[in-house]
Amino acid sequence: HDRAEVSFRVGPAGEYALRYYIDGGYLSSGVCVEMLRVKVVNPVISFTCQETAEAGGNVTVSWELSCVPLGCTCILRLGAMRLAERSILHPTGSTSMPLPRACTEYSVTLQGSSSRASILSSRNIRTVPHPNSEPLTLTLS
């Protein structure tokens with residue numbers, strides 16, 4: 001028997017069916033002669049970071065994956081804007097990312113590729129003022 005190798009991209013975790021058709025043509029999709037069910041699972045075992053952090057400080061993010069998806073990245077975001085990005089090369093690890101000085105809510109996402117549709121896990125971080133920070137006073141004249 002001749003063997004062929006097939007590779008394909010899948011969407012989110014779930015069950016997919018790979019069907020093999022023969023005798024297809026312009027007016028016919030052919031006859032399905034084989035079907036293989038493929039179960040795709042999310043590789044994230046754990047993904048953590050602190051819930052609050054000091055504005056202008058760092059946030060530490062840790063992960064444990066069953067495997068590392070191609071192009072996997074950890075991204076610090078403010079809405080849709082990317083503020084910091086780290087490549088994930090190993091199934092377990094941690095990284096530190098700098099937070100802006102603005103006190104607001106940020107998110108950290110673990111993505112399987114550069115597409116926002118490939119978010120595997122996400123966590124929110126609320127920043128609080130540094131204890132020694134002084135308020136900014138702006139005088140207009």
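What comes next is a walk through the structure. On a predicted model such as this, the values are computed, not experimentally measured, just so you know.

Observations concerning the overall build of the chain
Turning to step 1, where the next piece is worked out: Counting secondary structure elements, the chain contains 0 helices and 10 strands.
Turning to step 2, where the next piece is worked out: Walking the chain from its N terminus toward its C terminus, one meets helices and strands in the order β-β-β-β-β-β-β-β-β-β.
Turning to step 3, where the next piece is worked out: Taken against the 2.2 N^0.38 rule, which gives 14 Å for 141 residues, the C-alpha radius of gyration of the chain at 23 Å runs more than 25% over that of a compact globule.
Turning to step 4, where the next piece is worked out: Oriented by its inertia axes, the alpha-carbon framework of the chain measures out at about 80 × 40 × 20 Å.
Turning to step 5, where the next piece is worked out: By sequence separation, contacts in the chain at least 24 residues apart represent 51% of the contacts at least 6 residues apart.

A short note on the environment of Ser107
Turning to step 1, where the next piece is worked out: Of note, Ser107 is situated in strand 9 (residues 105-111).
Turning to step 2, where the next piece is worked out: The spatial distance from the C-alpha of Ser107 to the C-alpha of Arg126 is 8.5 Å, given a sequence separation of 19 residues.
Turning to step 3, where the next piece is worked out: Every residue in contact with Ser107, bar those within four places of it in the chain, is listed here: Ile75, Leu76, Arg77, Ser122, Arg123 and Asn124.

Brief notes about the side chain of Thr95
Turning to step 1, where the next piece is worked out: The residue Thr95 is located in strand 8 (residues 92-98) in this model.
Turning to step 2, where the next piece is worked out: Taking relative accessible area as the criterion, Thr95 reaches 15% and is therefore assigned buried.
Turning to step 3, where the next piece is worked out: Ignoring sequence-local partners within four residues, the contact set of Thr95 consists of Val59, Thr60, Val61, Trp63 and Arg86.

A word on the sheet that holds strand 5 (residues 58-65)
Turning to step 1, where the next piece is worked out: Strand order in this open sheet of 3 strands is 3-5-8, and the pairing throughout is antiparallel. Across the chains shown, the open sheet's two edge strands, defined by having one partner strand only, are strand 3 (44-49) and strand 8. Between one strand axis and the next, the sheet turns by 15° as a mean value, whatever way the strands run.
Turning to step 2, where the next piece is worked out: Taken together, the 7 bridges between strand 5 and strand 8 define a ladder with antiparallel strand orientation. Note on strand 8: the bridge partner recorded for Val61 is Thr95.

Comments concerning the nonpolar core
The nonpolar side chains of a soluble globular protein tend to be buried, and buried together.
Turning to step 1, where the next piece is worked out: Of all hydrophobic cores here, the largest spans 18 residues; its most connected members are Cys74, Leu76, Met97 and Val108.
Turning to step 2, where the next piece is worked out: When residues of this core are traced back to their parent elements, those giving at least two are strand 3, strand 5, strand 6 (73-78) and strand 9.
Turning to step 3, where the next piece is worked out: In terms of residue count, strand 5 provides more of this core than any other element does, 4 residues in total.
Turning to step 4, where the next piece is worked out: Once you skip the residues sitting within four places of it in the chain, Val108 turns out to touch Phe47, Val61, Cys74, Ile75, Leu76, Met97, Ser121, Ser122, Arg123 and Ile125.

Description of the side chain of Gln111
Turning to step 1, where the next piece is worked out: Along the chain, Gln111 turns up in strand 9.
Turning to step 2, where the next piece is worked out: With relative accessibility at 0%, the residue Gln111 sits in the buried group.
Turning to step 3, where the next piece is worked out: A polar atom in the side chain of Gln111 sits 2.5 Å from the side chain of Arg77.

Conventions and cut-offs
- Residues numbered from 1 in each chain as written.
- Predicted model: local features only at pLDDT ≥ 70, side-chain atom pairs only at ≥ 80, totals over all residues.
- Heavy atoms only, no water.
- Helix = DSSP H or I, 4+ residues; strand = E, 2+ residues; numbered from the N terminus.
- Rg over C-alpha atoms; globule rule 2.2 N^0.38 Å.
- Contact = heavy atoms within 4.5 Å.
- Buried < 20%, exposed > 50% of the residue type's maximum accessible area, 1.4 Å probe, protein only.
- Pairing = 2+ DSSP bridges.
- Axes fitted to C-alpha atoms, helices over the stretch in contact; angles between N-to-C directions.
- Core = buried A, V, L, I, M, F, W, Y, C linked by side-chain atoms within 4.5 Å.
- Polar contact = N/O pair within 3.5 Å; in protein donor to acceptor, adjacent residues only side chain to side chain.

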